[in-house]
Amino acid sequence: MSIKDNLEQILNQLPAQVQLVAVSKTKSAATIQEAYDAGQRIFGENKIQEMVEKYDVLPKDIQWHMIGHVQTNKVKYMAEFVSLIHGVDSLKLLKEINKQAAKHNRTIPCLLQQYIAEEDTKFGLNADEIENILANEIKNLPNVKIVGLMGMATFTEDENQIRKEFSNLKSNFDRLKVYYNDLEILSMGMSGDYHLAIEEGSTMVRIGSAIFGVRG
Ligand SMILES: *Cc1c(COP(=O)(O)O)cnc(C)c1O
C-alpha cells in the first residue's frame, strides 16, 4: 500500500468532524512531500529541531503541529510558524509559549495535555490543574489560546482500559466546554487506538505508522 492509499483508507473511516494529523516524525521531507501531494496538509512532529528543518524545506501551506513533550527553552524555534501545540503540560511552558508568541505578534493555539494513562511515563496535567489554568491563568496570557485538550491512553491490549481513559478525558472536555467556549478540539487516538478514540468522542487523531509504515 502506498502512502496515498493509506491516507485514503484512513480518511474514509474518519467522521466529518474528525481531523487527521499525519504524524511524520523520523520521516524524510521527501516522504512528507508524498503525503502532501496526496492532499494531506496537517503534519505532526515530536521534536522541535526536526520540525523546523522540515518547515524550512517543505511547502509553506503545511500546518505543523507539535505533538510531543516540549522543552521550554526550545519554544522560541517554532513560535513563528507552529499552528497547534498539543502537549502543553505545565503553566511554565504555557507562559513561555505566550512570551515567544508575543515576539512574533501571534496568538498560538494550544491544547492542554491531560494525564489519563495508568503509566507514569506520560506527561500531563490533572483535571484540577487544567481547570486552574482556564479559570485563573489564561486571562493573563493574551498570546496563547487554549482550543482544547489532548491525551494519550495507556499502551495496552486492554480495550476496556483504553476506552475508559478516553471516556474520562471526553467527560472533562465536555464539562469544561460549557464554561470555556474556545474549547473545540479533543486530540486523542493514534494508529493503534484511533477507532476507540473516535467512538469515545475524539475530534482529532494523530496517526503515524498506519500512514507511513512502522518507524525504524
Ligand atoms: C508518535 C506519536 C503518535 C503517532 O503514533 P503512531 O502509533 O505511529 O500512530 C501520536 N501521538 C503522539 C504524541 C506521538 O508521539
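Before reading further, recall that the structure is shown in the block above.
None of these values were measured; they are calculated from a predicted model.

Asks: Would you take a moment to explain the packing of aromatic side chains for this structure?
Replies: To describe a pair of aromatic rings, you give the distance between the ring centres and the angle between the ring planes. Here the structure, examined in full by the defined rule, presents three aromatic pairs. Ring centres of Phe 43 and Trp 64 lie 6.0 Å apart, and the angle between their planes is 40°; on these two criteria the pair is classed as tilted. One end of the pair, Phe 43, is in strand 2 (residues 42–45); the other, Trp 64, is in strand 3 (residues 63–66), and 21 residues separate them in sequence. Just as Phe 43 is buried, Trp 64 falls in that class too. Here the aromatic rings of Tyr 55 and Phe 81 are separated by 3.8 Å at their centres, their planes lie at 10°, and the arrangement is stacked. Note that Tyr 55 is positioned in helix 3 (residues 48–57) and Phe 81 in the loop between helix 4 (75–78) and strand 4 (84–88), a separation of 26 residues in sequence. Side by side, Tyr 55 and Phe 81 carry an identical accessibility label, which is buried.

Asks: Please explain the pattern of salt bridges as it appears in this structure.
Replies: Side chains carrying opposite charge are able to pair once their charged atoms draw close together. Under the counting rule described, the total for this entry stands at nine salt bridges. Residue Arg 41 is joined to Asp 61 by a salt bridge in which the shortest nitrogen-to-oxygen separation is 3.2 Å. Taken together, the positions of Arg 41 in the loop between helix 2 (29–37) and strand 2 and Asp 61 in the loop between helix 3 and strand 3 put the pair 20 residues apart, joining distant regions of the chain. Asp 61 sits in the partly exposed class, given a relative accessible area of 42%.

Asks: Can you walk me through the site of the ligand in this structure?
Replies: Taken together, Val 23, Lys 25, Ile 67, Met 152, Met 190, Ser 191, Arg 206, Ile 207, Gly 208, Ser 209 and Arg 215 are the residues near the ligand. Lys 25 has a polar side-chain atom sitting 2.7 Å from an oxygen atom of the ligand. In the environment of the ligand, an oxygen atom lies 2.5 Å from a nitrogen or oxygen atom belonging to the side chain of Ser 191. Out of a free accessible area of 380 Å², the ligand has 90% covered by protein chains. For the shell around the ligand, a count of residues per class yields five nonpolar, three polar and three charged.

Asks: Mind showing me how you'd approach the pairing of strand 4 here?
Replies: Here is the key point about a regular strand: its side chains alternate between the two faces of the sheet. In terms of residue burial, strand 4 counts as a mostly covered element, since five of its five residues are buried. Bridging between strand 3 and strand 4 involves two bridges; their strand directions are parallel. Note that in strand 4 the partner of His 65 across the bridge is Leu 84. Summarising the sheet, strand 4 and strand 5 (residues 108–113) pair through two bridges and their orientation is parallel. Bridge assignment links Ile 85 to a residue of strand 5, and that residue is Cys 110. The handedness of the strand 4 to strand 5 crossover, carried by helix 5 (residues 91–103), is right-handed.

Asks: What am I meant to see in unusual backbone geometry here?
Replies: Comment: phi is negative for the bulk of residues other than glycine, and the bulk of peptide bonds are trans. Of note, Thr 26 is a non-glycine position whose phi angle comes to about 70°, a positive value. If you trace the backbone, Thr 26 turns up in the loop between strand 1 (19–23) and helix 2. Residue classification places Thr 26 among the exposed residues on the basis of a relative accessible area of 54%. A positive phi angle is found at Asn 105, which is not glycine, with a value near 50°.

Asks: Help me understand helix 5, please; the structure alone is not making it clear to me.
Replies: Given 3.6 residues to a turn, an α-helix orients residues that are three or four positions apart in the same direction. Relative to the 18 Å expected for 13 residues at 1.5 Å per residue, helix 5 spans 19 Å between its end C-alpha atoms, a close match to the ideal helical length. Regarding helix 5, the residues found buried are Leu 93, Leu 94, Glu 96, Ile 97, Asn 98, Gln 100 and Ala 101. Contacts from the buried residues of helix 5 go to helix 4, strand 4, strand 5, helix 6 (127–137) and strand 6 (144–150). Following helix 5 by one or two positions, Asn 105 adopts a phi angle in the positive range, close to 50°.

Asks: Sorry if this is basic, but what is going on with the environment of Ala 38 here?
Replies: Residue placement: Ala 38 occurs in the loop between helix 2 and strand 2. By relative accessible area, Ala 38 is classed as partly exposed at 30%. Separated by 44 residues in the primary sequence, Ala 38 and Val 82 place their C-alpha atoms 22 Å from one another. Every residue in contact with Ala 38, bar those within four places of it in the chain, is listed here: Lys 4 and Leu 7.

Criteria and cut-off values
- Each chain carries its own residue numbering, running from 1 in the direction its sequence is written.
- In keeping with the model being predicted, local features are shown solely for residues with a pLDDT of at least 70 and side-chain atom pairs are shown and tallied solely at 80 or more, while totals for entire chains, interfaces and linings include all residues.
- Hydrogens and waters are ignored; side-chain quantities use all the structure's heavy atoms.
- When two rings of Phe, Tyr or Trp (its six-membered ring) have centres within 6.5 Å they constitute a pair, described as stacked for plane angles under 30 degrees, edge-to-face for angles over 60, and tilted for the intermediate range.
- By the criteria applied, helices consist of DSSP H or I runs no shorter than four residues and strands consist of E runs no shorter than two, each listed in order from the N terminus.
- Relative accessible area decides the class of each residue, using a 1.4 Å probe on protein chains only: under 20% of the type maximum gives buried, over 50% gives exposed, and in between gives partly exposed.
- A pairing counts as a salt bridge when a side-chain nitrogen of Lys or Arg comes within 4 Å of a carboxyl oxygen of Asp or Glu.
- Note on definitions. A residue lies near a molecule or strand when any single heavy atom of the residue is within 4 Å of it.
- Side-chain atoms alone can form a polar contact between residues adjacent in sequence; in general such a contact is a pair of N or O atoms within 3.5 Å, and within protein one must be able to donate a hydrogen while the other accepts it.
- Values of accessible area rely on a 1.4 Å probe in the Shrake-Rupley scheme; residue burial ignores everything except the protein chains shown.
- Charged residues are taken to be Asp, Glu, Lys and Arg, nonpolar residues to be Ala, Val, Leu, Ile, Met, Phe, Trp, Tyr, Cys and Pro, and polar residues to be all remaining types, Gly included.
- For two strands to be treated as a pair, DSSP must find at least two bridges joining them.
- Handedness is read with the strands pointing away from the viewer; a crossover is right-handed when the path from the first strand over the helix to the second is clockwise.
- Helix span, expected: 1.5 Å multiplied by one less than the number of residues in the helix.
- Contacts are residue-level and defined by heavy atoms, with any inter-residue pair within 4.5 Å sufficient.

Shape descriptors only; they carry no functional weight alone.
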